[in-house]
Amino acid sequence: MTCFWQQGPMFIREVVDMMPDPKPHFNTVATFVRGLETKGWLSHEQFGNSFRYSPVVSLQEYRSSYLSRMVDRLFGKSYLGFVSALVNDEKISTDELKSLIDKIENQKKN
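Residues numbered from 1 in each chain as written. Predicted model: local features only at pLDDT ≥ 70, side-chain atom pairs only at ≥ 80, totals over all residues. Heavy atoms only, no water.

### What about the overall build of the protein?
For clarity, the cut-off: Counting from the N terminus, the helices are the DSSP runs of H or I reaching at least four residues and the strands are the DSSP runs of E reaching at least two. For this measure, only C-alpha atoms enter the radius of gyration; the expected value for a globule follows 2.2 Å times N^0.38, where N is the number of residues. Here the term buried applies to any residue with accessible area under 20% of the maximum for its type, exposed to any over 50%, and partly exposed to those in between, with areas from a 1.4 Å probe on protein chains only.
Of regular secondary structure, the protein possesses 6 helices and 3 strands. Element order for the protein, N to C, with α for helix and β for strand: α-β-α-α-β-β-α-α-α. Taken against the 2.2 N^0.38 rule, which gives 13 Å for 110 residues, the C-alpha radius of gyration of the protein at 19 Å runs more than 25% over that of a compact globule. For the protein, the spread of C-alpha atoms along the principal axes amounts to about 55 × 35 × 25 Å. Relative to its 110 residues, the protein shows a buried fraction of 18%.

### Comments concerning the environment of Val-29
What counts, and what does not: Contacts between residues were defined by any pair of non-hydrogen atoms, one from each residue, lying within 4.5 Å.
Here Val-29 lies in helix H3 (residues 26-38). In the structure, Val-29 is positioned 17 residues away from Ile-12 in sequence and 7.0 Å away in space, judged by C-alpha atoms. Contacts of Val-29, omitting those with residues within four sequence positions, involve Ile-12, Val-15, Val-16, Met-19 and Pro-24.

### Comments concerning the packing of helix H4 (residues 59-75) against helix H5 (residues 79-88)
Basically, it comes down to this: Simply put, an axis is a line fit to the C-alpha atoms, just over the touching stretch for a helix, and the angle between two N-to-C directions goes from 0 to 180 degrees. Comment on the angle field: the value is read as roughly parallel under 35 degrees, roughly antiparallel over 145, roughly perpendicular from 65 to 115, and oblique elsewhere. Here the nonpolar group is Ala, Val, Leu, Ile, Met, Phe, Trp, Tyr, Cys and Pro; Asp, Glu, Lys and Arg are the charged ones; every other residue, Gly included, is treated as polar.
Direction vectors running N to C along H4 and H5 enclose 85°, while the axes themselves pass 9 Å from each other. Put simply, H4 runs roughly perpendicular to H5. Taking contact as the criterion, the partners of Leu-67, Ser-68, Met-70, Val-71 and Phe-75 in H4 are, on H5, Tyr-79, Gly-81, Phe-82 and Ala-85. Residues of the contact of H4 with H5, tallied by class, amount to 7 nonpolar, 2 polar and no charged.

### What to know about the pattern of salt bridges
Inclusion rule: Each reported salt bridge corresponds to a side-chain nitrogen of Lys or Arg within 4 Å of a carboxyl oxygen of Asp or Glu.
Within this structure, the stated rule accounts for 2 salt bridges. Among the ionic pairs, Lys-23 bridges to Asp-21, the shortest N-O distance being 3.9 Å. The exposed category is assigned to Asp-21, whose relative accessible area is 66%. The closest approach of N and O atoms between Glu-45 and Arg-52, which form a salt bridge, is 2.6 Å.

### Here's the deal with the nonpolar core
The tendency in soluble globular proteins is for nonpolar side chains to be buried side by side. Going by this rule: The criterion is simple. A nonpolar core is a set of buried Ala, Val, Leu, Ile, Met, Phe, Trp, Tyr and Cys residues joined through side-chain atoms within 4.5 Å.
In this structure, Phe-4, Ile-12, Val-15, Val-29, Val-33, Leu-42 and Tyr-53 are the most contacted members of the largest nonpolar core, which totals 15 residues. For this core, the secondary-structure elements that each account for two or more residues are helix H1 (2-7), helix H2 (12-18) and H3. Among the elements that take part in this core, H3 stands out by supplying 4 residues, more than any other. Here Tyr-53 is in contact with Phe-4, Gly-8, Pro-9, Met-10, Ile-12, Val-33, Arg-34, Glu-37, Leu-42, Ser-43 and His-44, once residues within four sequence places are set aside.

### Topic: the sheet that holds strand S1 (residues 10-11)
Think of a sheet as strands paired side by side through backbone hydrogen bonds, with each pair either parallel or antiparallel. Definition in use: Strands are treated as partners if at least two bridges between them are detected by DSSP.
Strand order in the open sheet formed by 3 strands is S1-S3-S2, with antiparallel pairing between adjacent strands. The open sheet is flanked by S1 and strand S2 (42-47), the only strands paired with a single partner. As paired strands, S1 and strand S3 (residues 50-55) are joined by 2 bridges and run antiparallel to one another. For Phe-11, the partnering residue across the bridge sits in S3 and is Arg-52. Each of S2 and S3 touches H3; the most contacted strand, S2, lies at about 120° to it.

Laid out in structure tokens, this is it:
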């Protein structure tokens, strides 16, 4: 998805060309891109025998949806459990937590 957000609409060949060596087979990338389209993340328009794919959702919408699904699956829909895991694994500092709390409090005021 990142390549579509960065580059805009692309043909499969362009996606393959952007990938590092060793490049995957064209059909592998095409299957993956069609899967993203089936999930509603991409759409396509036809140019002759080729399809040009473009993102349907923004990076922010994708992140939000992905995070929500991850928290639902891994933390039983508990965002507190998610943040607690970050604290326990030392992936978030005390200063970052304080900043997050300030942000939450400011949003409540607005």
